[in-house]
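# Residue-level structural notes
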2 protein chains.
Amino acid sequence: MPAKVVHYSEVREEAVPDLEGVTVRWVISKDDGAPHFAMRVFELQPGCRTPQHAHWWEHEVFVLEGQGWLWTEEGEYRVQAGTVAYVPGDLEHQFRNQGEGVLRFICLVPHPELEGWAN
Amino acid sequence: MPAKVVHYSEVREEAVPDLEGVTVRWVISKDDGAPHFAMRVFELQPGCRTPQHAHWWEHEVFVLEGQGWLWTEEGEYRVQAGTVAYVPGDLEHQFRNQGEGVLRFICLVPHPELEGWAN
């Protein structure tokens, strides 16, 4: 596969089912040949949030714009442009936009086939 | 391991050996418990560049600030804030800051132990 170079805003924005005011762009994925992990760009409208949930895979997050909170079962953290967040697998977590503008962040996840590899 | 939430600028900035005007911050790494891949933040001063090289691992890049070029053996691409770049493994590549300010980008890489996993 060749390199892929694109502005994130050119990638199709998808609504996230059953989540009001939350969209995702899969900017780098298996479809591009990425062998190990995927990059998504999320946008949360003011007052909106991701589900409070846990799963085996980790998140590696970089906040691009906005103001919000990352809640986890272990604590709550304020996030803003420039915040980096590592959310380990199996930890309950939720992102909340409690600012007045959009909360935009990058969130990377391993491909599903990596489940169990690191254990 | 717990979650890690930090502003990227709080992470130690390291000079990259033998590369003038290039620094790296390992903002999420194995030291944080990340099981599969690492997130680094690079800064290139005006006129500076990364090596022209290739390696087995891929890059997943998001440009935060600045103006520059991603050169690859297959073509050259203008990059700026919001540009996403996927550089496959084994492709010769180089980032160049040809703007007037800093070129800052996130670059994610798989852990070395994943070599060969996807083949």
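The text that follows walks through the structure, step by step, so that each part is easy to find. By convention here, each chain's residues receive numbers from 1 onward along its written sequence. Naming scheme: in the order in which they are written, chains are lettered from A and ligands are numbered from 1. Whole-chain, interface and lining totals are the exception, using all residues; otherwise, since this is a predicted model, local features are given only for residues with pLDDT of at least 70 and side-chain atom pairs are given and counted only at 80 or more. Note: side-chain values were computed over all heavy atoms of the structure, leaving out hydrogens and water.

We now examine the interface of chain B and chain A. The interface of chain B with chain A comprises 47 residues on the first partner and 47 residues on the second. Of the roughly 3,900 Å² buried at the junction of chain B and chain A (both faces included), carbon and sulfur atoms supply 71%. Salt bridges are defined by distance alone: a side-chain nitrogen of Lys or Arg within 4 Å of a carboxyl oxygen of Asp or Glu. For the pair chain B and chain A, the interface holds zero salt bridges. Pairing of N or O atoms within 3.5 Å defines a polar contact, subject to two protein rules: one partner must be a possible hydrogen donor and the other a possible acceptor, and residues neighboring in sequence count only if both atoms are side-chain atoms. The interface formed by chain B and chain A holds 12 residue pairs in polar contact (both at pLDDT 80 or more) in total. Looking at the side of chain B that touches chain A, the elements with two or more residues in it are β1 (4–7), β3 (22–28), β4 (37–44), β5 (59–65), β6 (67–72), β7 (75–80), β8 (83–87) and β10 (103–110) of chain B. We call two residues in contact when some of their heavy atoms are within 4.5 Å. Summed over both partners, the accessible area (1.4 Å probe) lost when two parts come together is defined as the buried area. Secondary structure is summarised from DSSP: a helix means a run of H or I of at least four residues, a strand means a run of E of at least two, and numbering begins at the N terminus for each.

So, about the side chain of A:Thr83. By the secondary structure assignment, A:Thr83 is in strand β8 (residues 83–87). Not counting residues within four places of it along the chain, the set of residues in contact with A:Thr83 comprises A:Val61, A:Phe62, A:Val63, A:Arg78, B:Val5, B:Val6 and B:His7.

Before going further, it helps to spend a moment on the nonpolar core. Among the nonpolar cores identified, the biggest contains 28 residues, and A:Met39 and B:Met39 are the most heavily contacted of them. Those elements giving two or more residues to this core turn out to be β3 (22–28), β4 (37–44), β8 and β10 (103–110) of chain A together with β3, β4, β8 and β10 of chain B. Setting aside residues no more than four positions away along its own chain, A:Met39 makes contact with A:Arg25, A:Trp26, A:Val27, A:Ile28, A:Ile106, A:Cys107, A:Leu108, B:Glu60, B:Val61, B:Phe62, B:Val84 and B:Leu108. By nonpolar core we mean a set of buried residues, namely Ala, Val, Leu, Ile, Met, Phe, Trp, Tyr and Cys, connected to one another through side-chain atoms within 4.5 Å. Residue burial is assigned from relative accessible area. The probe radius is 1.4 Å, only protein chains are included, and a residue is buried under 20% of its type maximum, exposed over 50%, and partly exposed in between. One finds A:Val16, A:Val22, A:Ala85 and A:Cys107 within the second-largest nonpolar core, a separate group that totals 21 residues.

What follows deals with the relation of the copies chain B and chain A. When the copies are overlaid, the least-squares fit takes in C-alpha atoms only where the residue has pLDDT of at least 70 in both copies. Overlaying chain B with chain A gives an RMSD of 0.0 Å, the required rotation being 180° about an axis along which the chain moves by 0.0 Å. Read as a symmetry element, the transformation amounts to a two-fold axis. Residue by residue, 100% of the interface of chain B is reproduced at the interface of chain A, so both copies engage with the same surface.

Turning to the pairing of β8(B), a few remarks are in order. Burial analysis of β8(B) places five of its five residues in the buried class, which makes it a mostly covered element. In β8(B), alternate side chains face the same way, and those of B:Thr83, B:Ala85 and B:Val87 on one face and B:Val84 and B:Tyr86 on the other are all buried. As paired strands, strand β1 (residues 4–7) of chain A and β8(B) are joined by four bridges and run antiparallel to one another. Bridging from a neighbouring strand, A:His7 pairs with B:Thr83 of β8(B). In this scheme, strands are said to pair when DSSP sees at least two bridges between them.

All names here are of chain B. One open sheet holds the three strands; their spatial order is β7-β6-β9, and the pairing between them is antiparallel. Across the chains shown, the open sheet's two edge strands, defined by having one partner strand only, are β7 and β9 (93–97). Sheet twist, expressed as the mean angle between neighbouring strand axes with direction ignored, is 20°. In this structure, β6 lies alongside β9, joined through five bridges in antiparallel fashion. Simply put, an axis is a line fit to the C-alpha atoms, just over the touching stretch for a helix, and the angle between two N-to-C directions goes from 0 to 180 degrees.

Right, let's get into the pattern of salt bridges. Tallied over the entire structure, the rule returns 16 salt bridges over all chains. Notably, a salt bridge pairs B:Glu13 with B:Arg25, separated by 3.6 Å at the nearest N-O pair. Residue B:Glu13 is found in the loop between β1 and β2 (14–15), and its partner B:Arg25 is found in strand β3; the two are separated by 12 residues along the sequence. Through salt bridges with shared partners, a single ionic network connects A:Glu13, A:Arg25, A:Glu43, A:Glu65 and A:Arg104.

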